[in-house]
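# Secondary and tertiary structure notes
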Amino acid sequence: EVKLETRGPVLIEVNCRLHGGEGTWLPVAMAAAGYTQVTALIDASLRPEAFGRLPAQPVALQQHGAWVTVRSTVEGEISRVDEARLQSMRALGSFNNDYLPDKLKPGNHIVRTTDACTVHGCVNLVHADKAAYLRDYEEAQRLMDLGLFEVKGAAPAELEPAAGGGDGAGAARPASSDEAPLVLPKYVVSPKTSRPGFMALSVHHANEHFFRTANVPVREFYRQRRGMHWP
């Protein structure tokens, strides 16, 4: 949970639950760490010996990866999906898999992506070579920014140049004739990608949810690794 203050975003709470996103991120986590929250939970319940061999935290990055969201630069009834751009992403050396719901087809309505709740799927990238992965990541983002969808009654979106003449002060964004361009907060800008992001300035508290009736391996893990105790 993040609260936006005048001085910037403040992290209010961290709930250590299973990550959402319908599990579409699992291939990236598995390739990068060799295990996931899901496999760890299964091991804790069915294979205590395997669970006991898990490190307290990931010790080595086996591969590099990213969960690239499928975004829409337009809103309305889909008239065309740019299959050529999709195939270009699928041809990348880092491409692992993708998730595009069946509703992303002509005749169905699509909303313009403005936040995490209005993304429309994902493309998973994984590669052992960091340089190759970064090249593919930037190319996937470029193709996504160009737009995958066209809607009835609207011309294909065109990208405006980054604010400040491309010096990293802002991010390229799709132009729209029927609404103002999306303006993102500029608290932090990555020097490598010029993409705006956020920085948490303080932590209020963190919660680790846990069932008191959980089995012994799970309780022992939290006792030894997290210093948690129960009566």
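Throughout what follows, the structure given in this document is the object of discussion. If you're wondering where the values come from, they're calculated on a predicted model, not measured in any experiment. The residue numbers shown here count from 1 along each chain, following its written sequence. Owing to the predicted nature of the model, reporting of local features is limited to residues with pLDDT of at least 70; listing and counting of side-chain atom pairs is limited to 80 or more, with chain, interface and lining totals taken over all residues. Only hydrogens and water are set aside when side-chain values are computed; all heavy atoms of the structure are taken into account.

### Some thoughts on the overall build of the chain
The condition is simple: Helix and strand assignments come from DSSP, with helices taken as H or I runs of at least 4 residues and strands as E runs of at least 2, each series counted from the N terminus. A simple rule labels every residue: compare its accessible area, found with a 1.4 Å probe on the protein chains alone, to the largest value its type can have, and call it buried under 20%, exposed over 50%, or partly exposed in between. Any two residues whose heavy atoms approach within 4.5 Å at even a single point are treated as in contact.
Looking only at helices and strands, one finds six helices and 12 strands in the chain. In the chain, which comprises 231 residues, the proportion classed as buried is 30%. Of all intrachain contacts in the chain linking residues separated by at least 6 positions in sequence, the fraction that spans at least 24 positions is 65%.

### Focus: the pairing of strand S1 (residues 2–5)
The cut-off we apply is this: DSSP bridges decide pairing: two strands pair if at least two such bridges lie between them.
Where S1 lies against strand S2 (residues 8–11), four bridges are found, and the strand directions are antiparallel. Bridging across to S2, Leu4 finds its partner in Pro9. Once S1 ends, the chain turns through two residues before running back antiparallel as S2.

### Here's the deal with the sheet that holds strand S5 (residues 95–99)
Hydrogen bonds along the backbone pair up the strands of a sheet, which may run parallel or antiparallel. The cut-off we apply is this: A fitted line through C-alpha atoms serves as each axis, taken over the contacting stretch for helices, and the angle formed by two N-to-C directions is quoted from 0 to 180°.
In spatial order, the strands read S3-S7-S5; together these three strands make up an open sheet with antiparallel pairing. With one partner strand each, in any of the chains shown, strand S3 (64–69) and S5 form the two edges of the open sheet. On average, each strand axis in the sheet is tilted by 15° relative to the strand beside it, whichever way the strands run. The pairing of S3 with strand S7 (residues 122–127) spans six bridges and is antiparallel. Bridge pairing in S7 links Ala66 to Leu125. Set on the sheet, helix H1 (residues 26–33) makes contact with S3, S5 and S7; between it and S7 the angle comes to about 15°.

### Some details on the nonpolar core
The condition is simple: Only buried Ala, Val, Leu, Ile, Met, Phe, Trp, Tyr and Cys residues count toward a nonpolar core, and they belong to the same one when joined by side-chain atoms within 4.5 Å.
One finds Val68, Met89, Val123, Met144, Leu148 and Phe149 to be the most contacted residues of the largest nonpolar core, which totals 21 residues. For this core, the elements supplying multiple residues, two or more each, are S3, strand S4 (76–81), helix H4 (83–90), S7, helix H5 (130–146) and strand S8 (149–151). Among the elements that line this core, the one with the most residues is H5, at five residues. Apart from residues no more than four positions distant in its own chain, Met144 is found in contact with Val68, Thr69, Val70, Arg71, Met89 and Val123. One finds Tyr35, Ala44, Phe51 and Leu54 within the second-largest nonpolar core, a separate group that totals five residues.

### Focus: the packing of H4 against H5
Selection rule: When describing relative orientation, an angle under 35 degrees is termed roughly parallel and one over 145 degrees roughly antiparallel, while 65 to 115 degrees is termed roughly perpendicular and anything else oblique. Put simply, Ala, Val, Leu, Ile, Met, Phe, Trp, Tyr, Cys and Pro go in the nonpolar bin, Asp, Glu, Lys and Arg in the charged bin, and everything else, Gly too, in the polar bin.
Relative orientation of the contacting elements H4 and H5 amounts to 170°, with a least axis distance of 10 Å. In terms of orientation, H4 and H5 fall into the roughly antiparallel class. Between H4 and H5, the residues in contact are Arg85, Ser88 and Met89 and Ala140, Leu143, Met144 and Leu146, respectively. Considering only residue class, the contact of H4 with H5 consists of five nonpolar, one polar and one charged.

### Observations concerning the pattern of salt bridges
Keep this limit in mind: A carboxyl oxygen of Asp or Glu within 4 Å of a side-chain nitrogen of Lys or Arg is what we treat as a salt bridge.
One pass over the full model with this rule turns up nine salt bridges. A salt bridge links Arg80 to Asp82, with the nearest nitrogen and oxygen atoms 3.8 Å apart. A residue is classified by how much of its surface remains accessible, and Arg80, at 36% relative accessible area, is partly exposed. Among the residues examined, Asp82 registers a relative accessible area of 9% and is labelled buried. In this structure, Arg80 and Glu150 form a salt bridge, with 2.9 Å as the shortest nitrogen-oxygen distance. Here Arg80 is found in strand S4, whereas its partner Glu150 is found in strand S8, with 70 residues between them in sequence. Taken together, the shared-partner salt bridges in this structure form one network comprising Arg80, Asp82, Arg85 and Glu150.

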